[in-house]
Amino acid sequence: MFSMGTYVGKKLAHRVSYEMHNGPIPKGMHIMHSCDNPACVNPNHLSAGTRSDNMTDCAQKGRNANMSLADASVIALLNDYIEGMGHSEIASKYGISIRTVPDFVSGRSRPWLHGKHGCPTLEDLKAAKKAKKWATLTPEIVTEIRQRLKAGEMGKDLAVEYGIHKATISDIKLRKIWADI
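Asker: Explanation requested: the nonpolar core in the structure shown.
Answerer: In summary, soluble globular proteins display a tendency toward joint burial of nonpolar side chains. Judged by nonpolar contacts, the single largest core of 18 residues is most densely connected at L69, L77, L78, I90, I96 and F104. Sort the elements by how many residues they give to this core and helix α3 (residues 71–82) lands first, with five residues. Non-local contacts of I90, meaning those with residues more than four positions away in its chain, are made with L77, Y81, M85 and V101. Core analysis: the next-biggest nonpolar cluster, separate from the first, contains 11 residues, L137, I145, Y162 and I164 among them.

Next comes the structure, spelled out in structure tokens:
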């Protein structure tokens, strides 16, 4: 029997199982497990869905580390963010990892709360990010990021510190953006 991470050719076993029983996986779709067992290859437990569908399913079933907070605490956390509280302060106040804060403030975690029960909307969160002074990269910050990457610091850690996506850090490193600096 195949297990999670077992490759058949260049495909994971659960994806092969899905395709054998349901046909090709639509482009960009993930294969979700209704049984919540990543090693499962039972075609009756597999379905196709977007990444967002998979993350929502994960969160609603409590398999997400971000689910340790009650919805009321998440709403308070998001309101603190809008009021100007930084990621490290939020992490400390709510007893969560600083690495999970971007999941909340970007709307990836608990998207069903936005705009309800006093929770800020996704547009409110985006506006708050733009208003934060560290959200705008400057040549000095880009230079510092490159120096710190060169010194061996992890891009994901810098992304959290600067409040930007880790892909932006990668783009800076590879000079896809800010190439002239």
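From this point, the discussion proceeds with the structure in view.
Asker: Explain the packing of α3 against helix α6 (residues 122–131) here, please?
Answerer: At a closest axis distance of 9 Å, the pairing of α3 and α6 adopts a crossing angle of 35°. Between α3 and α6, the residues in contact are L78, Y81 and I82 and D124, L125, A128 and K129, respectively.

Asker: I keep staring at the pattern of salt bridges and nothing clicks. Help me out?
Answerer: Between side chains of opposite charge, pairing is possible as soon as their charged atoms come close. On inspection of all chains with the given rule, the structure shows six salt bridges. Notably, a salt bridge pairs K93 with D80, separated by 2.8 Å at the nearest N-O pair. Residue K93 is located in helix α4 (residues 87–94), and its partner D80 is located in helix α3; the two are separated by 13 residues in the primary sequence. Judged by its relative accessible area of 16%, D80 is buried. The residue R148 makes a salt bridge to E161 at a minimum N-O spacing of 2.8 Å. With a gap of 13 residues between them, R148 in helix α7 (residues 139–150) and E161 in helix α8 (residues 155–162) connect regions that are remote in the sequence. A relative accessible area of 17% places R148 in the buried class. Through salt bridges that share partners, E144, R148, E153 and E161 make up one connected network.

Asker: Looking at this structure, I do not really get the environment of T56. What am I missing?
Answerer: Along the chain, the position of T56 falls in helix α2 (residues 51–60). The exposure class of T56 is partly exposed, given its relative accessible area of 21%. Aside from chain neighbours lying at most four places away, what touches T56 is P111 and W112.

Asker: Explain the packing of α7 against α8 to me, please; I cannot follow it from the model alone.
Answerer: Orientation of α7 relative to α8, taken along the N-to-C sense of each, is 150°, at an axis distance of 10 Å. Classed by the angle they form, the pair α7 and α8 counts as roughly antiparallel. Along this stretch, α7 crosses α8, giving a crossing that reads as right-handed. Across the interface between the two elements, I141, E144, I145, R148 and L149 of α7 pack against G155, L158, E161 and Y162 of α8.

Asker: Explain the side chain of R148 to me, please; I cannot follow it from the model alone.
Answerer: A distance of 2.9 Å separates polar atoms of two side chains, one belonging to R148 and the other to E153. Ignoring anything within four residues of it in the chain, the contact list for R148 reads E153, L158, E161 and Y162.

Parameters at a glance
- Residues numbered from 1 in each chain as written.
- Predicted model: local features only at pLDDT ≥ 70, side-chain atom pairs only at ≥ 80, totals over all residues.
- Heavy atoms only, no water.
- Core = buried A, V, L, I, M, F, W, Y, C linked by side-chain atoms within 4.5 Å.
- Buried < 20%, exposed > 50% of the residue type's maximum accessible area, 1.4 Å probe, protein only.
- Helix = DSSP H or I, 4+ residues; strand = E, 2+ residues; numbered from the N terminus.
- Contact = heavy atoms within 4.5 Å.
- Axes fitted to C-alpha atoms, helices over the stretch in contact; angles between N-to-C directions.
- Salt bridge = Lys/Arg side-chain N within 4 Å of Asp/Glu carboxyl O.
- Parallel < 35°, antiparallel > 145°, perpendicular 65-115°, else oblique.
- Left-handed = near helix turned anticlockwise from the far one by under 90°.
- Polar contact = N/O pair within 3.5 Å; in protein donor to acceptor, adjacent residues only side chain to side chain.

Function cannot be inferred from these measures alone, as they are strictly geometric.
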